[in-house]
Amino acid sequence: MTENKTGKQLLTRLIPFVIFIGVSVFLYIGLFKDASVLESTFIGRPVPEFALNDLVDPSLAHDKSVLKGKPMLLNVWATWCPTCYAEHKYLNQLAAEGVYIAGMNYKDDRVKALNWLAELDNPYKISLFDPDGMLGLDLGVYGAPETFFIDSQGIIQYKHVGDINTRNWNGKLKAVYEQLK
Amino acid sequence: MKKIILLLSVLVSFSIAAAIDVYKFDNEEQEALFKTLTAELRCPKCQNNNLADSNASIAKDMRQKTYNMVIEGKNEDQIVDYWVDRFGNFVIYKPPVTLATSILWVAPGLFVVLGFVIIVRNSRRKLRTRDEDEDEDELTGADKDRLAKILKDSEK
Amino acid sequence: MIPEIGHFSLIVATGLSFLLAIYPLIGAKINHAGMMNSAKPLAIVQFMFMMISFSILAYSFATDDFSIAYVASNSNSLLPIQYKISAVWGGHEGSLLLWALTLGGWTAAVAVFSRGIPVDALARVLAVMGMIAIGFNLFILLTSNPFDRTLPFLPLDGNDLNPLLQDVGLIFHPPMLYMGYVGFSVAFAFAIAALMTGRLDSTWARWSRPWTLVAWVFLTGGIVLGSWWAYYELGWGGWWFWDPVENSSFMPWLAGTALIHSLAVSEKRGVFKSWTVLLSISAFSLSLLGTFLVRSGVLVSVHAFASDPSRGLFILAFLVTVVGGSLLLYAFKGASIKSRGKYGLFSRESMLLVNNVLLIAALLVVLIGTLLPLVHKELGLGSISIGVPFFNNIFFYMVIPFAIALGVAPLMRWKNQDIKPLVSQLTIAAIASIAIGILMPAIFADKIKWVAVTGFTLGVWVIVTSCMEVYMRATHRHTLLKGLTKLGRSHWAMVLGHIGLAMVLIGISATQNYKIEKDLRMVPGDEVVFADYLFKLDGIADADGANYEGYEAVFTISKNGKFETEMRAEKRNYFVQRSMMTEAAIDWGVTRDLYIALGEQLEDNSWAVRIYYEPFIRFIWWGGLVMSIGGLFAVSDRRYRFVNKKIAAK
């Protein structure tokens with residue numbers, strides 16, 4: 001009788017230890033994750049309605065139908081964003097390899113953006129101009145660069161935050177792109 | 001690597017210029033609603049700031065849009081839903097009430113209930129076993145010697 | 001050359017901490033007096049070497065030695081001298097050295113001020129503290145060395161200290177906090193030492209208590225200081241944000257408050273021993289958890305130090321070893337701790353258990369609220385945020401039973417209390433409290449908000465019941481005046497501690513519910529009226545300083561036509577770090593603060609201005625101060641009672 005009681009008491013006193021170890025496991029996992037990355041609410045949802053003008057030709061209007069019809073990347077970029085500068089050369093390379101990339105110039109100056117594209121080459125098949133960031137808000141964009149992976153139905157299947165480079169393209173993103181239908 | 005960390009610690013710094021936007025409201029309720037919203041909505045990009053205290057450009061955009069919605073006459077739930085739809089539950093400082101988050105309320109609640117039950121049970125048990133305990137109160141011989149020694153030591 | 005001496009001193013101190021952790025412990029095990037007696041000198045010499053190391057770092061800052069990377073990244077030749085010194089703990093590496101120095105100091109203090117503790121107990125306690133020192137010192141040496149050089153490069157000047165930290169707050173806030181966090185390691189060490197031997201008499205509680213009280217006083221002061229600093233420095237009139245780093249200080253405080261109450265009971269009545277041991281372990285464990293959360297990058301916070309995973313890994317390993325090890329020890333050896341003694345349902349013991357239950361429930365709220373977003377995301381359930389609305393709401397509900405119990409407890413006798421005579425007294429107190437609680441907003445404000453009334457009523461309830469208790473105790477055998485002088489210091493400690501909390505409750509209730517904030521566009525000459533005050537912007541002029549350039553806005557405030565004060569709000573641009581700072585103008589008062597922050601100049605050449613009216617906000621920090629003073633009273637009583645207890649041995 002006493003032994004059962006002692007055993008039960010021991011188990012009770014072990015509870016704090018068990019809880020602590022459990023918490024530690026989560027803390028350990030947390031060390032290898034980037035706490036500031038926010039997942040997107042748009043996975044599996046269609047691109048929202050919008051009306052933006054073209055970056056190059058201001059009189060040309062676009063709506064969500066331009067982000068439909070084939071698997072593509074939508075790259076959110078700006079001239080004030082240093083990481084976008086680093087990413088740009090790789091985007092040129094991907095475009096040359098046949099990846100369809102649409103561009104969205106986000107909260108930027110049109111002249112600066114056009115100069116940038118002239119200087120660094122333009123990998124974008126279509127360039128949207130979102131000067132006040134309203135489409136950005138509707139897509140849950142919180143910084144640049146960000147890239148949306150959209151399938152031919154116009155459904156967003158994946159969002160990548162940060163630059164695209166050799167490492168993450170070959171590591172994960174290429175497979176995501178190739179799986180877009 | 002160290003340089004990056006040094007650089008990061010400078011960049012991570014606090015650009016605290018009071019983010020004061022001046023908006024005009026139709027009445028006090030609207031102003032109060034705006035204040036409540038900008039305090040409970042979170043800046044998606046910052047190091048833990050609400051919309052009111054952040055200078056980030058995304059926060060400015062969100063404040064502007066929130067203001068527009070307040071003026072349009074939307075209520076708190078509608079505006080919060082609008083932002084949660086775009087940025088997820090991260091963007092509101094109130095956690096959603098789901099099975100997973102219920103632990104926030106259940107764990108302390110259970111602890112309080114358990115605590116009170118133990119208090120009541122212990123006090124009853126102790127009063128009931130008064131006779132048994134009276135034997136325990138006697139010091140054993142070894143303890144008595146130790147006590148005497150301690151008393152003697154402290155008197156030095 | 002000199003920094004290398006600092007580095008070397010740290011290495012020597014680490015070696016000494018190894019000796020301290022092992023040698024006296026073995027001595028205690030085999031009962032070898034010489035080995036056990038080595039603990040005290042080892043502790044003292046370890047502290048001396050830590051002092052040398054820290055002093056050299058401070059000297060390097062004072063002499064602008066930018067060949068040291070840490071000095072170069074946190075200081076600047078133009079920095080005023082007091083900030084050069086406090087910049088020592090302005091960054092990760094230096095603040096850790098301060099932590100380690102503080103630990104060395106507490107260890108030496110325990111070694112020196114421990115008359116009456118048997119040599120084997122002292123040996124074990126100091127050995128445990130030595131083990132903790134090993135962890136911290138190794139962490140510094142292996143991952144966060146403040147003495148690393150920038151050579152072969154030599155920066156011409158440093159990066160400057162973050163302007164937000166160029167303030168008197170930095171001089172006192174971290175050192176006070178660390179005195180608190182580290183101080184809880186003493187209670188921890190006593191608990192571990194007791195578990196090792198399986199012996200836990202009430203003398204253990206008596207030894208542990210004063211150390212814990214001092215640590216608690218420092219932690220309370222440190223948190224209050226941090227809150228006040230945030231208020232006047234950051235420009236948004238806020239004083240607590242439930243940020244993970246703030247929560248990391250609040251959790252040990254909650255555990256520590258439960259602990260000082262539990263220790264009092266264990267000491268006086270010999271009960272709750274097992275629970276007190278668990279609390280002693282928890283308070284320090286939470287300090288360590290806080291250290292991890294703040295420096296690992298696992299949680300997002302404005303206060304966090306720059307982090308990298310290898311540092312986080314080391315701290316986590318240390319945390320698991322210390323906390324996991326002690327909780328295992330508690331699980332297996334805890335059975336040997338038996339409490340003797342009994343108490344009824346209505347007794348002071350029960351009320352103090354209620355206090356502990358509610359405090360730990362609050363602790364659970366903060367702990368889960370801080371860690372759940374991390375767990376939730378890792379489980380793949382998505383990102384959530386838990387902040388001010390959640391915590392404020394839950395704490396409002398939790399403070400109600402807590403404050404009620406707090407009023408009742410001092411009126412309860414130990415062991416058993418006949419509830420009937422109390423009922424009439426408590427009813428009178430309740431009616432008075434509710435009446436005053438409603439009267440307060442009726443007089444001071446224009447609207448009665450029931451949330452505020454609840455807060456005021458609870459605060460007044462605590463004050464009224466405390467006064468009642470003092471009166472009853474004092475007049476028990478003497479006249480009132482004579483009786484008051486006879487009340488012991490620990491009694492006044494309780495009164496002050498509780499009244500301090502009541503002040504905090506009143507301050508929070510007033511400011512949360514009746515604060516007025518206005519964002520305005522103003523040009524010189526503009527006026528605005530609210531809360532009976534007229535705010536007039538007289539003018540805005542250039543105002544530059546040693547390492548910044550800026551603007552200053554001058555306001556004249558009048559109340560009901562009469563001049564009240566002049567206020568000057570500044571906006572500064574610090575050129576080295578290139579950041580904009582706002583220096584808010586604060587006119588502080590007992591019943592209200594007026595607060596003006598200057599924003600940006602707008603397109604039409606008007607200025608954005610934010611004006612706050614914060615009623616009774618000072619009560620929050622003064623209340624905290626009163627609580628700390630109460631703690632000091634409690635410590636100063638101990639020596640007096642220590643002697644008496646010997647005579648009245650159980």
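It should be emphasised that the depicted structure is a prediction, and the values quoted were computed from it without experimental measurement.

S.K.: Tell me about the overall build of chain C, residues and numbers included.
M.R.: Across its full length, chain C holds 19 helices and nine strands. Relative to the compact-globule value of 26 Å for 650 residues, chain C shows a C-alpha radius of gyration of 27 Å, a close match. Its C-alpha atoms put chain C at 80 × 80 × 55 Å along the principal axes. In chain C, which comprises 650 residues, the proportion classed as buried is 62%.

S.K.: Run through a positive patch on the surface, naming residues and quoting values.
M.R.: There is a patch of like positive charges on the surface, built from Lys5(A), Lys8(A), Arg121(B) and Lys338(C). Inspection of the secondary structure assignment puts Arg121(B) in helix H5 (residues 103-128).

S.K.: Please provide a residue-by-residue account of the interface of chain A and chain B, values included.
M.R.: Taken together, the contact pairs 14 residues of chain A with 15 residues of chain B. Summed over both partners, the interface of chain A with chain B comes to about 1,200 Å²; 58% of that surface belongs to carbon and sulfur atoms. Looking only at chain A, the three residues that lose the most surface to chain B are Leu38(A), Leu137(A) and Tyr142(A), adding up to 44% of its buried area. Inspection of the chain A/chain B interface yields three salt bridges.

S.K.: Any details on the pairing of strand S8 (residues 155-161) of chain A? Residues and values, ideally.
M.R.: Residue and element names in this part refer to chain A. Here strand S1 (residues 45-46) pairs with S8 via two bridges, running antiparallel. Within S8, the residue paired with Pro 46 across the bridge is Ile 155. Sheet topology places strand S7 (residues 146-150) next to S8; five bridges connect them, and they run antiparallel. Within the sheet, the bridge partner assigned to Phe 148 lies in S8 and is Lys 159. The turn joining S7 and S8, which pair antiparallel and follow one another in sequence, is formed by four residues; a positive phi near 85 degrees is taken by Gly 154.

S.K.: Explain the confidence of the model for chain C to me, using residue names and the numbers behind them.
M.R.: All names here are of chain C. For chain C, the mean per-residue pLDDT works out to 90, and 98% of the residues sit at or above 70. Under a pLDDT of 50 for its full length, residues 640-645 has, in the predicted model, six contacts with residues more than four places off or in other chains. Scoring the predicted complex yields pTM 0.91 and, for the interface, ipTM 0.91.

S.K.: An account of the side chain of Thr565(C) is needed here, citing residue identities and associated values.
M.R.: Residues and elements named next belong to chain C. For Thr 565, the position within the fold is in strand S5 (residues 562-574). A relative accessible area of 14% places Thr 565 in the buried class. Residues in contact with Thr 565, not counting those within four places in the same chain, are Phe 555, Thr 556, Ile 557 and Asp 587.

S.K.: Quick one: what's the story with the packing of helix H8 (residues 168-197) of chain C against helix H9 (residues 202-234) of chain C, residue by residue and with numbers?
M.R.: Residue and element names in this part refer to chain C. Viewed as axis vectors pointing N to C, H8 and H9 meet at an angle of 155 degrees, and their least axial separation amounts to 7 Å. Between H8 and H9, the interaxial angle falls into the category roughly antiparallel. In this structure, H8 meets H9 at a crossing whose hand is left-handed. Its residues assigned to classes, the contact of H8 with H9 shows 24 nonpolar, nine polar and no charged.

S.K.: Please set out the packing of aromatic side chains residue by residue, giving values where relevant.
M.R.: What the rule picks out here adds up to 46 aromatic pairs over all chains. With 5.9 Å between their ring centres and 45 degrees between their planes, Phe250(C) and Phe395(C) make a pair best called tilted. One end of the pair, Phe250(C), is in helix H10 (residues 244-269); the other, Phe395(C), is in helix H14 (residues 388-408), with 145 residues separating them in the sequence. Taken individually, Phe250(C) and Phe395(C) each receive the classification buried, so the pair is uniform in this respect. Here the aromatic cluster, defined as three or more aromatic residues joined through ring pairs, consists of Trp105(B), Trp216(C), Trp240(C), Trp242(C), Phe250(C), Trp253(C), Phe390(C), Phe391(C) and Phe395(C). The ring of Phe42(A) is capped by Arg45(A), whose NZ or CZ atom sits 4.4 Å from the centre of that ring. When the ring centre of Tyr514(C) is taken as reference, the NZ or CZ atom of Lys449(C) above it lies at 5.3 Å.

Basis of the calculations
Residues numbered from 1 in each chain as written. Chains lettered and ligands numbered in written order. Predicted model: local features only at pLDDT ≥ 70, side-chain atom pairs only at ≥ 80, totals over all residues. Heavy atoms only, no water. Helix = DSSP H or I, 4+ residues; strand = E, 2+ residues; numbered from the N terminus. Rg over C-alpha atoms; globule rule 2.2 N^0.38 Å. Buried < 20%, exposed > 50% of the residue type's maximum accessible area, 1.4 Å probe, protein only. Patch = residues over 30% accessible without salt bridge, like charges linked within 9 Å, V, L, I, M, F, W, Y side chains within 5 Å. Areas by Shrake-Rupley, 256 points an atom, 1.4 Å probe, with all protein chains shown as cover. Salt bridge = Lys/Arg side-chain N within 4 Å of Asp/Glu carboxyl O. Lys, Arg positive; Asp, Glu negative; His and termini not counted. Charge placed at Lys NZ, Arg CZ, Asp CG, Glu CD. Contact = heavy atoms within 4.5 Å. Buried area = accessible area lost by both parts, 1.4 Å probe. Pairing = 2+ DSSP bridges. pLDDT = per-residue confidence, 0-100. Axes fitted to C-alpha atoms, helices over the stretch in contact; angles between N-to-C directions. Parallel < 35°, antiparallel > 145°, perpendicular 65-115°, else oblique. Left-handed = near helix turned anticlockwise from the far one by under 90°. Nonpolar A, V, L, I, M, F, W, Y, C, P; charged D, E, K, R; others polar. Phe/Tyr/Trp six-rings, centres within 6.5 Å; stacked < 30°, edge-to-face > 60°. Lys NZ or Arg CZ within 6 Å of the ring centre and 35° of its normal.

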